[in-house]
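# Summary of the model geometry
Listed here are the chains, written in short residue letters.
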Amino acid sequence: MTTTDFHLTGAYAPVHDELTASDLPVTGALPPELTGWYLRNGPNPRTESQHWFTGDGMVHGVRLEGGRAAWYRNRWVRTESFGDDDATLYNTDGSRNLRTSVANTHVVNHAGRTLALVESSLPYEITTELDTVGAYDFGGELADSMTAHPKICPTTGELHFFGYGSITAPHVSYYRADASGKLAVRQPIDVPGLTMMHDFALTASHAVFYDLPVVFDRASVGQGMPYRWDAGYGARLGVLRRDDPAGGVRWFDVEPCYVFHTLNAHDTADGRIVVTVVRYDHLWWEGHGPARGVLWRWTLDPATGRVTEERLDDRPAEFPRIDDRFAGSDVRFGHVTQSGKDGEQSFLRRHDLHTGTSEEHVFAPGHVPGEAVFVPAEGGDGWLLTYVYDAAEDRSDLVVFDAGNVTGAPVATVHLPQRVPAGFHGNWLPDA
Ligand SMILES: [Fe+2]
């Protein structure tokens with residue numbers, strides 16, 4: 001076993017069956033208002049994969065309805081390259097094949113379409129019953145990859161995203177679709193190299209791009225992820241005005257680091273931009289051990305051109321989520337998980353970003369959560385939904401917490417008919 005093979009064993013091991021189960025057993029009481037679909041994507045290699053990030057995407061979904069767990073389904077995203085062991089991301093002329101996809105990272109819903117996403121390809125549309133519809137290119141308008149972390153502006157309903165990875169310039173481009181899903185803005189973002197850009201940030205007035213020193217390494221192609229730390233690359237944040245996307249990007253230097261995920265970002269009354277992320281000191285740096293991600297705040301000051309950097313917490317964290325109704329504004333609460341490996345304890349943590357305090361749910365030993373999605377509650381706070389793996393039983397549950405009382409016991413636990421492998425991101429899709 002190599003160091004990258006962890007993704008084929010234990011909590012990460014793929015499942016082989018696509019199941020449909022109805023009327024699932026529930027412990028506790030599911031809030032009846034939770035009526036919709038919880039969909040979460042993740043890698044589930046059909047045969048083999050070189051890296052956790054490269055396995056074929058499989059979506060695990062649970063339909064909740066009026067206080068009962070109506071069904072569970074898991075389905076591979078059947079992309080045009082699914083099952084084709086000869087499919088490649090690049091054509092022989094060096095151009096990308098944007099329909100070759102593992103579609104394994106996220107599921108989002110915009111303008112009536114549910115999209116399974118991976119950052120190296122076009123989106124793939126799926127149904128809420130998890131059948132694959134096909135590659136989606138915005139009616140022929142998108143000829144680029146699409147990040148797995150697009151942002152929906154809660155005020156305008158627009159979908160903001162970027163594509164990256166083209167060998168030829170522009171290596172990064174920003175896109176915006178209007179609330180109806182029509183692609184309305186396309187703007188190149190000038191970066192000096194083939195940086196791995198997993199996420200970005202959106203405020204009410206700005207988009208912020210992360211030009212960080214993990215860059216494409218041609219020599220690593222075929223050896224897992226073909227990206228390596230480049231100590232000479234530098235690290236910058238690029239700010240684009242939403243009201244003037246053609247006006248160009250203003251760049252701000254930061255300390256070298258890597259960021260997979262944004263918690264949130266907002267504008268301040270005095271014109272600064274606050275970006276809260278999970279930050280790693282470095283990533284995939286040969287000769288350096290793994291770094292751990294911690295909550296971090298960048299405050300960009302256009303008046304001085306400088307960035308103030310603050311570590312908000314010492315504890316490892318990932319999968320940051322907020323109440324998406326307040327995305328881009330000065331949201332109070334942020335939620336992260338700390339998934340223990342090799343028998344370490346796991347946590348679901350709620351940070352009060354206004355007071356600097358936090359509360360956490362401590363999971364029983366061997367119980368490992370994934371990303372926790374926030375769902376607003378009627379007339380109250382909200383719910384946090386996550387799949388939790390039980391190592392001793394080798395099975396998984398969908399667990400629902402009261403977001404206002406994360407230290408307490410879950411309000412409901414839906415017992416699933418099979419293990420859900422450790423995965424990435426998802427969303428709650430309420431009935432319209
Ligand atoms: Fe991600």
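The rules behind these values
Residues numbered from 1 in each chain as written. Predicted model: local features only at pLDDT ≥ 70, side-chain atom pairs only at ≥ 80, totals over all residues. Heavy atoms only, no water. UniProt positions renumbered as here; feature names shortened; annotations may be inferred. Phe/Tyr/Trp six-rings, centres within 6.5 Å; stacked < 30°, edge-to-face > 60°. Helix = DSSP H or I, 4+ residues; strand = E, 2+ residues; numbered from the N terminus. Buried < 20%, exposed > 50% of the residue type's maximum accessible area, 1.4 Å probe, protein only. Lys NZ or Arg CZ within 6 Å of the ring centre and 35° of its normal. Pairing = 2+ DSSP bridges. Axes fitted to C-alpha atoms, helices over the stretch in contact; angles between N-to-C directions.

- As recorded in an unreviewed UniProt entry, the chain goes by the name Dioxygenase, listed as coming from Amycolatopsis heterodermiae.
- A UniProt comment under Sequence similarities (unreviewed entry) is attached to the chain, and it reads "Belongs to the carotenoid oxygenase family."

### Re the packing of aromatic side chains
- This structure, assessed with the given rule, holds 23 aromatic pairs.
- Considering the side-chain rings of Tyr12 and Trp52, the 5.0 Å spacing of their centres and the 85 degrees angle between planes classify their relative orientation as edge-to-face. Placement of Tyr12 in the segment before β1 (20–24) and of Trp52 in the loop between β3 (36–43) and β4 (57–65) is noted, with a sequence separation of 40 residues between them.
- Ring geometry for Trp52 against Phe424: centres 4.6 Å apart, planes inclined by 55 degrees, an arrangement best described as tilted. Of the two residues, Trp52 is situated in the loop between β3 and β4 and Phe424 in the loop between β32 (412–415) and β33 (426–430); the sequence distance between them amounts to 372 residues. As far as burial versus exposure is concerned, Trp52 and Phe424 are alike and both buried.
- Taken together, Tyr12, Trp52, Phe53, Tyr258, Phe260, Tyr280, Trp284 and Phe424 form an aromatic cluster joined through their ring pairs.
- Here the guanidinium or amino end of Arg350 rests over the ring plane of Phe333, the centre of that ring lying 3.9 Å away.

### Points about the sheet that holds strand β26 (residues 347–352)
- Read from one edge to the other, the open sheet built from 4 strands follows the order β24-β25-β26-β27, with strand pairing classed as antiparallel. Edge positions in the sheet fall to β24 (318–321) and β27 (357–362), since each of these pairs with one other strand and no more. Here the average twist between neighbouring strands, direction ignored, is 20 degrees.
- Pairing between β24 and strand β25 (residues 333–338): 2 bridges, direction antiparallel. If you follow Arg321 over to β25, its bridge partner there is His335.

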